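Working through the structure, step by step
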Amino acid sequence: MHGTIIVLEGLDGCGKSTQFELLKETFTDCRFITFPNYDSPSGQLVTQYLQGEFHEENALRSAYSASSFYAADRYASYKKDWEKDYLSGKTIISARYTTSNAFYQMTKLPRDAWESYCGWLYDFEYEKLGIPKPDAVIFLDVPIEVSQKLLSNRYDGDEAKKDIHEADVNYLKACREAAMYAHAHRPTGEEWHIIQCCENGEMRSVSDIQGEIERIVRNITSSKNDE
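Everything in this summary refers to the structure shown in the same document. Predicted model, so just to flag it, every value in this text is computed and none were measured. (Residues numbered from 1 in each chain as written. Predicted model: local features only at pLDDT ≥ 70, side-chain atom pairs only at ≥ 80, totals over all residues. Heavy atoms only, no water.)

1. Some remarks on the overall build of the protein chain
Our working definition: Here a helix means four or more residues in a row that DSSP labels H or I, a strand means two or more in a row labelled E, and each is numbered from the N terminus. A 1.4 Å probe rolled over the protein chains alone gives each residue an accessible area, and that area as a share of the maximum for its type sets the label: buried under 20%, exposed over 50%, partly exposed in between. The criterion used for residue contact is that any of the two residues' heavy atoms lie within 4.5 Å.
Within the protein chain one finds eight helices and seven strands. Counting the 227 residues in the protein chain, one finds 50% classified as buried. Sequence separation of 24 or more characterises 77% of the internal contacts of the protein chain that already satisfy a separation of 6 or more.

2. As for the sheet that holds strand 2 (residues 31-34)
Backbone hydrogen bonds hold the strands of a sheet together, and the pairing may be parallel or antiparallel. To be explicit about the condition: For two strands to pair, DSSP has to find at least two bridges joining them. Angles here are taken between N-to-C directions and fall from 0 to 180 degrees, while the axes themselves are lines fitted to C-alpha atoms, restricted in helices to the stretch in contact.
Spatially, 2-3-1-4-5 is the arrangement adopted by the five strands of the open sheet, whose pairing is parallel. Two strands lie at the open edges of the sheet, namely strand 2 and strand 5 (191-196), each paired on one side alone. Taking each pair of neighbouring strands and ignoring which way they run, the sheet shows an average axis angle of 20 degrees. Bridging between strand 1 (residues 4-10) and strand 4 (residues 136-141) involves five bridges; their strand directions are parallel. Bridged to Glu 9 within strand 4 is Phe 139. Running over the sheet, helix 1 (residues 16-26) touches strand 1, strand 2, strand 3 (91-95) and strand 4 and is turned about 150 degrees from strand 1.

3. A short note on empty space enclosed by the protein
Just so we agree on the cut-off: We place a 1 Å grid over just the protein atoms. Points where a 1.4 Å probe fits but has no way out form a cavity, open points with protein on both sides within 12 Å along at least 5 of 7 lines form a pocket, and any residue with an atom within 4 Å of a point lines it. Grid points are joined across faces, edges and corners, and a volume is the space filled by probe spheres set on the points. Each residue gets one label: Ala, Val, Leu, Ile, Met, Phe, Trp, Tyr, Cys and Pro are nonpolar, Asp, Glu, Lys and Arg are charged, and the others, such as Gly, are polar.
All chains considered together, the criterion is met by one cavity of 30 Å³ or more. Along its surface, the largest cavity is lined by Leu 11, Asp 12, Cys 14, Phe 139, Leu 140, Asp 141, Val 142, Ile 144 and Ser 147. When residues of the lining of the largest cavity are traced back to their parent elements, those giving at least two are strand 4 and helix 6 (144-154). For the lining of the largest cavity, the per-class residue count stands at six nonpolar, one polar and two charged.

Pasting the structure below:
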């Protein structure tokens, strides 16, 4: 009997890190992981990629090469860190997962190539590498205009601190479109919950959003225990 994987997702500036830390305080019996794992050797390729050190003019090639960097980081983390917990039946809550590859890399490709990319991605990570499929994805949906304000506040107004993804507004808008596509074309058995984090153009309170996330997590874990 393996465990349950719940993924907390959202585009840059959605407040995901804050919500993830709050979940740690509530669900103390769960195992928490986060990606990319920047401090690990496998995460160094991701760091270099985000810093723009791999200049790849061929967008098609870049989508697949960058995806491979992130996938390798996930594989190393699974095999070296949390595989035993998962196989023992523990609930794993992850900040980002394979879904992030879909959101951020799919946009480099023409729309008619999205389906084949998703097929490749899920086969590569879940079948070829053997990384476990998530049971559920909780997506924090924030309008890009609002998330940009949050990012600017995070960096005290210093736009130069944003990485190559955070700084490109049009790219982030395309990523949201890709996220909705990934939701509609998710693997069989992958449950999605989309949380609308804004009301009337303003962010809901942290505690309000947290309460909704907690209810979803409790429902997932309780239904798993009932099986």
